[in-house]
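# Results of the structural survey
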Amino acid sequence: FVGKWIYKGQRLHTHDGARGITKQIRQGKRQERSGFITPDTKITFRSRSARFVWLVQISSEMWDYASPYEPGGGGGNAAGAASSSSGGGTGRKDSLGEDEDGSCEIYFDKYVSFMHRLFEKWKELKVTHSLTVVFFSRTYLRSSHG
């Protein structure tokens, strides 16, 4: 790219197949709309198509209610928290994704809500990440011998 003009939003391709989009052009602390690349130009590459693998353990706790009284909604149990969530809830979330009215949410539902917010953020950022989610569980079997 040395010796070429670029502009914000320009799609760039290299001879070996790498491709990208110019998102920011800066001169010092000032943002510019276009610029000329010299041998002294510092280029920062950020991946907009990372590959993720998430391992999600499905356990009996995934069907418990998260406590609305603890930061992050952790530590609740189904019996104790179910009675405090009988108000039905408004469905509105605060900035952390917690219910504003203090109602409880099942951990699995919290995971699904998180995934929805994540995909919306990726869509907003126009990224093309690849996500593989592996759900796993374990089961204890009793021995029939003895």
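Just so it is clear, the model here is predicted, and its values are computed rather than measured. For every chain, the first residue of its written sequence is number 1, and the numbers climb from 1 along that sequence. Whole-chain, interface and lining totals are the exception, using all residues; otherwise, since this is a predicted model, local features are given only for residues with pLDDT of at least 70 and side-chain atom pairs are given and counted only at 80 or more. Side-chain descriptors were evaluated using all non-hydrogen atoms of the structure, hydrogens and water having been removed beforehand.

### A closer look at the overall build of the protein
Helices and strands together make up the secondary structure of the protein, namely two helices and eight strands. Helix and strand labels come from DSSP, where a helix needs a run of H or I of at least four residues and a strand needs a run of E of at least two; each type is numbered from the N terminus. In sequence order, the secondary structure elements of the protein are arranged as β-β-β-β-β-β-β-α-α-β. The buried label applies to any residue whose accessible area, calculated with a 1.4 Å probe on protein chains only, is under 20% of its type's maximum; exposed applies above 50%, and partly exposed to all values in between. Considering the protein as a whole, with its 146 residues, one finds that 19% of them fall into the buried category. Any two residues whose heavy atoms approach within 4.5 Å are treated as being in contact. A separation of at least 24 residues holds for 56% of the contacts in the protein among residues at least 6 apart in sequence. Using a 1.4 Å probe, the Shrake-Rupley method yields the accessible areas, and only the shown protein chains count as cover for residues. For the protein, the accessible area works out to roughly 11900 Å², and carbon and sulfur atoms hold 53% of it.

### Some details on the packing of aromatic side chains
Between rings of Phe, Tyr and Trp, where Trp is taken as its six-membered ring, a pair exists when centres lie within 6.5 Å; planes separated by under 30 degrees are stacked, by over 60 edge-to-face, and by other angles tilted. As enumerated under the stated definition, the model contains seven aromatic pairs in all. Through a chain of ring-to-ring contacts, the aromatic side chains of Trp-63, Phe-108, Tyr-111 and Phe-135 assemble into a single cluster.

### A look at a positive patch on the surface
Together, Lys-8, Arg-11, Arg-19, Lys-23, Arg-33 and Lys-126 make up a positively charged patch on the protein surface. Considering the arrangement of structural elements, one finds Lys-8 in the loop between strand S1 (5-7) and strand S2 (11-13). With relative accessibility at 48%, the residue Lys-8 sits in the partly exposed group. In this analysis, a patch consists of residues with relative accessible area above 30% that form no salt bridge, clustered at 9 Å for like charges and at 5 Å for the nonpolar side chains Val, Leu, Ile, Met, Phe, Trp and Tyr. A carboxyl oxygen of Asp or Glu within 4 Å of a side-chain nitrogen of Lys or Arg is what we treat as a salt bridge. In this count, Lys and Arg are taken as positive residues and Asp and Glu as negative ones, while His and the chain termini are left out. The atom standing in for a charge is NZ when the residue is Lys, CZ when it is Arg, CG when it is Asp and CD when it is Glu.

### Points about helix H2 (residues 107-125)
In a helix, the anticipated span is given by 1.5 Å times the number of residues less one. End to end, H2 covers 27 Å across 19 residues, agreeing with the expected 27 Å (1.5 Å per residue, within 8%). Looking at the buried positions of H2, the neighbouring elements they touch are strand S7 (51-57) and strand S8 (130-136). Just downstream of H2, Lys-126 is the residue with a positive phi angle, here 60°.

### Considerations on the layout of surface pockets
Considered as a void within the structure, the largest pocket measures approximately 1400 Å³ in volume. Along the walls of the largest pocket sit 34 residues, with Ile-21, Thr-22, Lys-23, Thr-44 and Phe-45 positioned nearest its centre. Side-chain classes are defined by residue name, with Ala, Val, Leu, Ile, Met, Phe, Trp, Tyr, Cys and Pro counting as nonpolar, Asp, Glu, Lys and Arg as charged, and the others, Gly among them, as polar. Split by residue class, the lining of the largest pocket holds eleven nonpolar, 14 polar and nine charged. Points on a 1 Å grid, built from protein atoms alone, make a cavity when a 1.4 Å probe fits but cannot get out and make a pocket when they are open with protein on both sides within 12 Å along at least 5 of 7 lines; residues with an atom within 4 Å of a point are the lining residues. Grid points are joined across faces, edges and corners, and a volume is the space filled by probe spheres set on the points.

### Let's talk about the pattern of salt bridges
Counting across every chain of the model gives two salt bridges. For Glu-32, the salt bridge identified is with Arg-30, shortest N-O distance 2.8 Å. Among the ionic pairs, Glu-124 bridges to Lys-121, the shortest N-O distance being 3.9 Å. You can see Glu-124 and its partner Lys-121 sitting in helix H2, three residues apart, about one turn around the helix. Given the relative accessible area of 43%, Lys-121 is considered partly exposed.

### Description of the environment of Thr-128
Mapped onto the elements of the fold, Thr-128 is located in the loop between H2 and S8. Classification of Thr-128 as exposed rests on a relative accessible area of 57%. Separated by 79 residues in sequence, Thr-128 and Ser-49 have C-alpha atoms that sit 4.7 Å apart. Not counting residues up to four positions away in its chain, the partners in contact with Thr-128 are Arg-48 and Ser-49.

### Details of a nonpolar patch on the surface
A cluster of nonpolar side chains, contributed by Val-53, Leu-55, Val-134 and Phe-136, occupies part of the molecular surface with about 370 Å² of accessible area. Secondary-structure elements contributing two or more residues to the nonpolar patch are S7 and S8. On the secondary structure map, Val-53 appears in strand S7. When its relative accessible area of 55% is taken as the criterion, Val-53 is described as exposed.

### What about the confidence of the model for the protein?
Per-residue confidence for the protein gives a mean pLDDT of 79, with 77% of residues at or over 70. Across residues 75-90 the pLDDT falls below 50, and counting only partners more than four positions away or on other chains, this stretch makes 21 contacts in the model. A residue's pLDDT is simply how confident the predictor is in it, with values from 0 to 100.

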